[in-house]
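Reading the structure
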Amino acid sequence: MLEDTGERIIPELMKPTNGMLLEHLARYYFAAPYVQGTVLDFATGAGYGAHLIAKLCKSRIDSVLGVDLDPAVVDYARQTYYHPLVKYEVQDVLDPALAQKIGPYDTILSFETIEHIADDVQFLKNCYDLLAPGGTLVLSSPFGAGRGKPCLSPWHVHQFTEDEFHALFTDFRDVQFYYQHGVLFEPKRAGVRYPFGIAVCTK
């Protein structure tokens, strides 16, 4: 999720020297093997992730829907990252009726979104309700001081501790945790500090 989504700023953020962009792209490449069927990209931002997934996974997906709350960003995505398998819509990830409006999905991708949301309980309920039985959620978030505690980013409500992050997914049948450092993803290794966690959850 890009921090500043104004149309004037997006091209600057899309430069290949932007380390945040490379980390975000890496999440989509990590998620690609888990993607199938109908796909929802939560907080799609500029749309490059939804577009990338459509290209990487075109042989095993039916469609990709990228949603974002900002109409200007959705317009940018439609104009810049068109793909015949991809649609972009303005939707609120906290809308309690969202599953009835746009669901269900076989795969949901949610990268660097949950730390922006005060009501993470409703957000995760929406993720769960939007998944078809047996569907997969791939969700990432940075680690920090913990729920309700200040963090360095002015755009983040809070950043979960590792234990808090693990506790988010108790409703899912199976959860596997991985850790990101730069563009590298791996299971946790002792003595390594990881800035980001990623969960692969099966309903």
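Owing to the predicted nature of the structure, the values given are computational and were not obtained by experimental measurement. (Residues numbered from 1 in each chain as written. Predicted model: local features only at pLDDT ≥ 70, side-chain atom pairs only at ≥ 80, totals over all residues. Heavy atoms only, no water.)

1. Observations regarding the sheet that holds strand 5 (residues 131–142)
Using the following cut-off: Strands are treated as partners if at least two bridges between them are detected by DSSP. Runs of E in the DSSP output that reach at least two residues are strands. Runs of H or I that reach at least four are helices, and both are numbered from the N terminus. Helix axes are fitted to C-alpha atoms over the stretch in contact, other axes to C-alpha atoms as well, and angles between N-to-C directions run from 0 to 180 degrees.
In spatial order, the strands read 3-2-1-4-5-8-6-7; together these eight strands make up an open sheet with mixed pairing. What marks the edges here is a single partner per strand, and that holds for strand 3 (86–90) and strand 7 (184–186). This sheet shows a mean twist of 20 degrees between the axes of neighbouring strands, independent of strand direction. Pairing of strand 5 with strand 8 (residues 196–202) involves seven bridges; the strand directions are antiparallel.

2. Some details on the nonpolar core
Quick note on the threshold: By convention a nonpolar core is built from buried Ala, Val, Leu, Ile, Met, Phe, Trp, Tyr and Cys residues, the set being connected through side-chain atoms within 4.5 Å. With a 1.4 Å probe rolled over the protein chains alone, any residue whose accessible area is under 20% of its type maximum counts as buried; one over 50% counts as exposed, and the rest are partly exposed. What makes two residues a contact is simply this: any of their non-hydrogen atoms within 4.5 Å.
Core analysis: the largest hydrophobic core is formed by 30 residues, its most contacted members being Ile-53, Val-64, Leu-109 and Val-138. Those residues in contact with Val-64 that sit more than four places away from it in its chain are Val-39, Ala-50, Ile-53, Ala-54, Leu-85, Val-86 and Lys-87. In terms of nonpolar packing, the next biggest core, distinct from the first, is built from 29 residues, Phe-42, Phe-160, Leu-168 and Ala-199 among them.

3. Things to note about the environment of Phe-177
Structurally, Phe-177 is set in strand 6 (residues 174–181). Considered as a pair, Phe-177 and Ser-140 are 37 residues apart in the sequence and their alpha carbons are 9.7 Å apart. Setting aside chain neighbours within four positions, we find Phe-177 in contact with Phe-165, His-166, Phe-169, Ile-198 and Ala-199.

4. Points about the pattern of salt bridges
Which entries qualify depends on this criterion: Every case where a carboxyl oxygen of Asp or Glu lies within 4 Å of a side-chain nitrogen of Lys or Arg is listed as a salt bridge.
Scanning the model with the defined rule gives seven salt bridges in all. Put simply, Glu-112 and Arg-27 hold a salt bridge, and the shortest N to O gap is 3.7 Å. Placement of Glu-112 in the loop between strand 4 (105–111) and helix 6 (120–130) and of Arg-27 in helix 2 (residues 19–31) is noted, with a sequence separation of 85 residues between them. By relative accessible area, Glu-112 is classed as buried at 7%.

5. Here's the deal with the state of the cysteines
Selection criterion: We call a pair of cysteine sulfur atoms a disulfide when they lie within 2.5 Å.
Inspection of the entire model under this criterion finds zero disulfides. Cys-151 takes part in no disulfide bond, and the closest cysteine sulfur to it belongs to Cys-127, at a distance of 20 Å. Taking the relative accessible area as the measure of exposure, Cys-151 reaches 23% and is therefore partly exposed. The closest cysteine sulfur to the non-disulfide-bonded Cys-201 is located on Cys-127, 8.9 Å from its own sulfur.

6. Some words on the confidence of the model for the protein chain
Spelled out, the test is: What pLDDT expresses is the predictor's confidence in each residue, scored from 0 to 100.
Here the protein chain averages 91 in pLDDT, and 91% of its residues register 70 or above. In this model, residues 1–9 is a region of pLDDT below 50 whose contacts with residues beyond four sequence positions or in other chains number 21 contacts.

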